[in-house]
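Working through the structure, step by step
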Amino acid sequence: MAAGPAPPPGRLRAQMPHLRKMERVVVSMQDPDQGVKMRSQRLLVTVIPHAVTGSDVVQWLAQKFCVSEEEALHLGAVLVQHGYIYPLRDPRSLMLRPDETPYRFQVRLGGAAIYLAKKNIRKRGTLVDYEKDCYDRLHKKINHAWDLVLMQAREQLRAAKQRRKGDRLVIACQEQTYWLVNRPPPRAPNVLEQGPGRGSCAASRVLMTKSADFYKREIEYFRKALGRTRVKSSICLEAYLSFCGQRGPHDPLVSGCLPSNPWISDDDAYWVMNAPTVAAPTKLRVERWGFSFRELLEDPVGRAHFMDFLGKEFSGENLSFWEACEELRYGAQAQVPTLVDAVYEQFLAPGAARWVNIDSRTMEQTLEGLHQPHRYVLDDAQLHIYMLMKKDSYPRFLKSDMYKGLLAEAGIPLETKRRVFPFMWRPRHSSPSPALLPTPVEPTAACGLGGGDGVA
Amino acid sequence: MCDQTFLVNVFGSCDKCFKQRALRPVFKKSQQLSYCSTCAEIMATEGLHENETLASLKSEAEKVQKKKAKRHCFVLHQVAERVEALGQFVMKTRRTLKGHGNKVLCMDWCKDKRRIVSSSQVCHEHAVTMPCTWVMACAYAPSGCAIACGGLDNKCSVYPLTFDKNENMAAKKKSVAMHTNYLSACSFTNSDMQILTASGDGTCALWDVESGQLLQSFHGHGADVLCLDLAPSETGNTFVSGGCDKKAMVWDMRSGQCVQAFETHESDINSVRYYPSGDAFASGSDDATCRLYDLRADREVAIYSKESIIFGASSVDFSLSGRLLFAGYNDYTINVWDVLKGSRVSILFGHENRVSTLRVSPDGTAFCSGSWDHTLRVRGMVFCFPVCERREDG
């Protein structure tokens, strides 16, 4: 009697590590010393030997893996659903009940072993040579489960002879489980169902011929990897601590959010207060602009204030140039030549209206590259200007009166008072889809070519 | 009974010597040919210089690789010992979306933080029925005005969203990407005009939406690519992909080159997601672990696993601060990990079939999980018990 789930076609067992792991768990559950306590279970008038109770299974799992009973119950249920443990009562539903309900283990590796063991027992050691080899090999392979194999073999032989009621019940439950697992009824979930076949790509089942080419590429790759500037581990790891520490209070799933989490309270206030363009940003939001230059630029309100600040320093063209370059990089392919021309006219040409101050070498290379425009042709210039803003203008912005004023003005929302009647039903309104809103003049927030310093 | 694998013997005309022999598939410059064993051996030794043999090259490759692996390092949870432990979270399902009549395979949030697009075995978003049966990937455009999706049809199509009842959405569909195998993941870049795709044909590709032109392709995975994520970087254009070859690879979008690769997982990588700072990424795999890879240190720095977790992780995502890692598993559960300490903070039940997709909302107020049980659940944090009595929970 084949036990446990048969692998679905198209996916080798090797590719399903969870089945192997489940088997290991089930085998350790059957360990005579450390495993689940096995006893004879009374089922009405029949006595079934070598059975376990649902609650024993749950307790054992909870203890072995140091998990809660809820989780142990879930894990046990998964084992039952895959047919590794089958219920002796009500075999039509593959559930794990954490009570006195009796269960038994399928002997997964049984198949051939049981057949040979039966033959050995019946004919008292008259297995032919190759059968003997097979028998020995199997014995070595599933040593720890051998007792169970022998037990199963003996039981099946006895059952064949006597057809005792208890045995018939056990066999019926086994078969029932087998079919429920491998051929689930139409509406039931199929635990064996896999997604669309993987590894169907030719590369996966083919051993790449390890040619000289292959090794040379490998050597080059690893040499490059060795030569790469690597940051010291301690620095990298510390960076996580400081990043998480800094952002923790800003993380709604860790620290909650004020006035309340809209999903929990059904109150949109948080979203209204934190809309992309809002007149009065919250304190947390203004604080975030100080975390990194990227945070500042990504926030439309932050970017607008930064643009104002640059305007006061007469370097607003830097940000506009950067925005124009972004538009080029992420724009449609057909737009590339037009956008490159426009950027050149406005920012790079000698005497341009908003000429950006790039070092001569980069400028030279960029102008050279403009003869064959492509979307990355302005990368070097863009990086130069970005770094200029980041290293120079941005720190000054953070120290400026303007920013300090914004920080002081920004408020912390009050926590929403708890409703007196928490069960009051609040009608939920659909938010308007962005697809319905009038399309903005420029895509995203890039508007460097529109003239002017303001953000739309 | 033990399983057997069969070696398929193809017989035919060798692509090199044209003799009728038993053939083996070989790769020459990413093109697959069929060579007889003699020609295959000869090809293997092509390109050798005077003093080189295949064996010597192989041993040198191994030596250099070992040197790379030897750099001794700490792991994250050692450094994080002094960090205060998180409290105990109570996360509750606040929305259960039951519109799909079938397995939910993929979902994405709109930037407006409230809308979701999801795909399933038969796509019903905005009443568009896709011609293929499994729609395994979907993505929302940054503007919120379009969605992209694809799957077993080997294509990625973009649908502009419209609320005009008279418009037939399928008519406006634009076929953007064409692969030679199923589409496993797709994502818009910073605008509505470019799409990045990953496919079962082992490649990733960058496409121009308007023209459908292939802008760049990325070769290097040895098997199906299952997932990708774009880096939240300020200057560079990079993205990470994970595949059935157990590798996670970081690519330069401009040159098409792989800049870094990580191979410590023991099975298919189902999901990759960048850490919010962009300096690292997490991966979820069929080997039931999630791992954190640091890009600057160029190695794995944390592994999130537990003996009681047996099933593969199908989908991972970080909370806004990167302190929490949410992972959906094939045993129907969601585990929440403390990224710094490496411990499991919480286990969430509720789904009745495997969790296939999981994303945190753009403003971090909630996360949504989609499952083969036909539902999507949006969960938020209701309560957090402060740390006064710590439970011994791994």
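Residues numbered from 1 in each chain as written. Chains lettered and ligands numbered in written order. Predicted model: local features only at pLDDT ≥ 70, side-chain atom pairs only at ≥ 80, totals over all residues. Heavy atoms only, no water.

Before going further, it helps to spend a moment on the overall build of chain B. Helix and strand counts for chain B stand at three helices and 29 strands. Residues counted as buried form 58% of the 394 residues belonging to chain B. When contacts within chain B are restricted to residue pairs at least 6 apart in sequence, long-range pairs at least 24 apart make up 43% of them. Total accessible area on chain B is roughly 16600 Å²; 49% of this is exposed by carbon and sulfur atoms. (Helix = DSSP H or I, 4+ residues; strand = E, 2+ residues; numbered from the N terminus. Buried < 20%, exposed > 50% of the residue type's maximum accessible area, 1.4 Å probe, protein only. Contact = heavy atoms within 4.5 Å. Areas by Shrake-Rupley, 256 points an atom, 1.4 Å probe, with all protein chains shown as cover.)

Neither face of strand β7 (residues 137-140) of chain B is open: one carries B:Ala137 and B:Ala139, the other B:Cys138 and B:Tyr140, and all of them are buried. The hairpin formed by β7(B) and strand β8 (residues 146-150) of chain B contains five residues between the paired strands, and B:Gly144 there has a positive phi angle of roughly 85°. (Pairing = 2+ DSSP bridges.)

Let us now look at the UniProt feature "repeat: WD" (unreviewed entry) in chain B. Residue and element names in this part refer to chain B. Residues annotated in UniProt with the feature "repeat: WD" (unreviewed entry) correspond here to residues 176-217, 218-261, 262-303, 315-347 and 348-378. The annotated region residues 262-303 carries 0% helix and 55% strand content, and the separation between its end C-alpha atoms amounts to 13 Å. Secondary structure content for residues 348-378 is 0% helix and 48% strand, while the C-alpha to C-alpha distance between its ends is 12 Å. (UniProt positions renumbered as here; feature names shortened; annotations may be inferred.)

Residues and elements named next belong to chain B. Residues Val382, Phe383 and Phe385 make up a contiguous nonpolar surface patch of about 260 Å² in total accessible area. Relative to the helices and strands, Phe383 resides in strand β29 (residues 376-385). Among the residues examined, Phe383 registers a relative accessible area of 42% and is labelled partly exposed. (Patch = residues over 30% accessible without salt bridge, like charges linked within 9 Å, V, L, I, M, F, W, Y side chains within 5 Å. Salt bridge = Lys/Arg side-chain N within 4 Å of Asp/Glu carboxyl O.)

A separate point is the pattern of salt bridges. Applying the stated criterion to the full structure yields 22 salt bridges over all chains. With its nearest N and O atoms 2.3 Å apart, the salt bridge here joins A:Asp56 to A:Arg39. Note that A:Asp56 is positioned in helix α2 (residues 54-65) and A:Arg39 in strand β1 (residues 39-43), a separation of 17 residues in sequence. Exposure remark for A:Arg39: the relative accessible area of 30% places this residue in the partly exposed category. The residue B:Arg291 makes a salt bridge to B:Glu300 at a minimum N-O spacing of 3.1 Å. Through salt bridges with shared partners, one network takes in B:Asp108, B:Asp229, B:Arg273, B:Asp317 and B:Arg359.

What follows is about the environment of B:Cys17. Residue and element names in this part refer to chain B. Tracing the backbone shows Cys17 in the loop between β1 (10-13) and β2 (20-28). When its relative accessible area of 26% is taken as the criterion, Cys17 is described as partly exposed. The spatial distance from the C-alpha of Cys17 to the C-alpha of Cys36 is 8.2 Å, given a sequence separation of 19 residues. Beyond its immediate chain neighbours, meaning those up to four positions away, Cys17 contacts Cys36 and Cys39.

Moving on, we come to the sheet that holds strand β24 (residues 324-329) of chain B. All names here are of chain B. On the basis of which strands lie adjacent, the open sheet formed by four strands has the order β23-β24-β25-β26 and antiparallel pairing. Two strands bound the open sheet, and with one partner strand each, they are β23 (313-318) and β26 (344-348). Averaged over all pairs of adjacent strands, the angle between their axes in this sheet comes to 20°, without regard to strand direction. With four bridges connecting them, strand β25 (residues 334-338) and β26 associate as antiparallel partners. Bridging across to β26, Ile334 finds its partner in Leu348. (Axes fitted to C-alpha atoms, helices over the stretch in contact; angles between N-to-C directions.)

Attention now moves to the packing of α2(A) against helix α3 (residues 69-81) of chain A. All names here are of chain A. Running from N to C, α2 and α3 cross one another at 115°; their axes reach a closest spacing of 8 Å. Here α3 runs roughly perpendicular to α2, going by the angle between their axes. In terms of crossing hand, the pair formed by α2 and α3 is right-handed. Across the interface between the two elements, Val58, Gln59, Leu61, Ala62 and Phe65 from α2 touch Glu69, Ala72, Leu73, Leu75 and Gly76 from α3. Here the contact of α2 with α3 is built from residues that sort into seven nonpolar, two polar and one charged. (Parallel < 35°, antiparallel > 145°, perpendicular 65-115°, else oblique. Left-handed = near helix turned anticlockwise from the far one by under 90°. Nonpolar A, V, L, I, M, F, W, Y, C, P; charged D, E, K, R; others polar.)

Another aspect to go through is the interface of chain A and chain B. Frequently, the measure chosen for interface size is the accessible area removed from exposure when the parts meet. At the junction of the two partners, chain A supplies 110 residues and chain B supplies 136 residues. Here chain A and chain B share an interface that buries about 10400 Å² over both sides, 60% of which is from carbon and sulfur atoms. Our enumeration of links across chain A and chain B arrives at five salt bridges. Measuring nitrogen to oxygen at the nearest pair gives 2.5 Å for the salt bridge that ties A:Glu71 to B:Arg344. Considering every element that reaches the side of chain A that touches chain B, the biggest residue donor is helix α10 (residues 233-247) of chain A, with eleven residues. Of the residues contributing to the side of chain A that touches chain B, the split by class is 56 nonpolar, 27 polar and 27 charged. (Buried area = accessible area lost by both parts, 1.4 Å probe.)

Moving on, we come to the sheet that holds strand β27 (residues 355-360) of chain B. Residue and element names in this part refer to chain B. If you walk across this open sheet you meet the four strands as β4-β29-β28-β27, and the pairing is antiparallel. Looking at strand neighbours, the two that pair on one side only are β4 (88-97) and β27, the edges of this open sheet. For this sheet, the mean angle separating the axes of adjacent strands, direction not counted, is 25°. Examined bridge by bridge, strand β28 (residues 367-371) and β29 share four bridges and lie antiparallel to one another. Of the residues in β29, the one forming a bridge with Gly370 is Leu376.

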